[in-house]
Structure formats: structure tokens, C-alpha cells
Amino acid sequence: MSPLLSYAVTTTLILYGVAILLALWRVLRGPSAQDRVLALDLIYLLGMLIILVIGLRYGSSMYFEAALLIALFGFVSSAAMAKFLLRGEVIE
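Let me sum up the structure you'll find in this document.

Cut-offs and rules
- Residues numbered from 1 in each chain as written.
- Predicted model: local features only at pLDDT ≥ 70, side-chain atom pairs only at ≥ 80, totals over all residues.
- Heavy atoms only, no water.
- Helix = DSSP H or I, 4+ residues; strand = E, 2+ residues; numbered from the N terminus.
- Rg over C-alpha atoms; globule rule 2.2 N^0.38 Å.
- Buried < 20%, exposed > 50% of the residue type's maximum accessible area, 1.4 Å probe, protein only.
- Contact = heavy atoms within 4.5 Å.

1. Quick word on the overall build of the protein
Turning to step 1, where the next piece is worked out: The secondary structure content of the protein amounts to three helices and zero strands.
Turning to step 2, where the next piece is worked out: Counting helices and strands in the order they occur from the N terminus, the protein gives α-α-α.
Turning to step 3, where the next piece is worked out: Since a compact globule built from 92 residues should have a radius of gyration of about 12 Å, the 16 Å found for the protein marks it as more spread out than a globular shape.
Turning to step 4, where the next piece is worked out: Seen through its principal axes, the protein has C-alpha atoms that stretch 50 × 30 × 10 Å.
Turning to step 5, where the next piece is worked out: Expressed as a percentage of the 92 residues in the protein, the buried residues total 15%.
Turning to step 6, where the next piece is worked out: Considering only contacts within the protein whose residues lie at least 6 apart along the sequence, 45% involve residues at least 24 apart.

2. Section: the environment of Ile-43
Turning to step 1, where the next piece is worked out: Here Ile-43 lies in helix H2 (residues 33-58).
Turning to step 2, where the next piece is worked out: The partly exposed category is assigned to Ile-43, whose relative accessible area is 21%.
Turning to step 3, where the next piece is worked out: Taking the C-alpha atoms as reference points, Ile-43 and Leu-24, separated by 19 residues in sequence, lie 7.5 Å from one another.
Turning to step 4, where the next piece is worked out: Leave out the neighbours within four places in its chain, and Ile-43 touches Ile-20, Ala-23, Leu-24 and Val-27.

This is the structure in C-alpha cells:
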């Protein structure tokens, strides 16, 4: 891996970590439930991006499959939480 790419990957991972900390602060201090759900969506999205960047760094396709699973579970959990916040129940 070239030094420039290594520097870019390291910088990206650090900035994603900072973004996760800021989103975690919003989860803990959010004024409403909708803000907290949106922050949780951002956290799973950033987690997926971190796994993708690590997959690029190491050149392994296993990381991409894990990121796909995180995206799938994150979407399903977001849809369930939105339905719960709107209707008060998930399964009718």
C-alpha cells in the first residue's frame, strides 16, 4: 500500500471515530426519541463505513460481506423503530 493511501485510510478512520463519538453524544443527550433514532442510524452507518475502509486496507472480501450484513440489520432495525415510534407497536 502506498504511503499516501495509508495516510488517507488512517485519517478516515480517525474522523469516523470522532463522528461516532458525536453521534453517541446525540444518543445520550438527544431532546427527542426521533433524534436518538437518527443518531443510532448514523452510528451503524459509520460502523459499516469503518468496516469497508478496513476491508480496503487489508484487501479482504470478508469485510465487505460483514458491512453488507450490518447495512441489512441496520435498515431492518431502523424500520422497526420508526414503526414503533409511529404506532406504538412493531408487530400487529
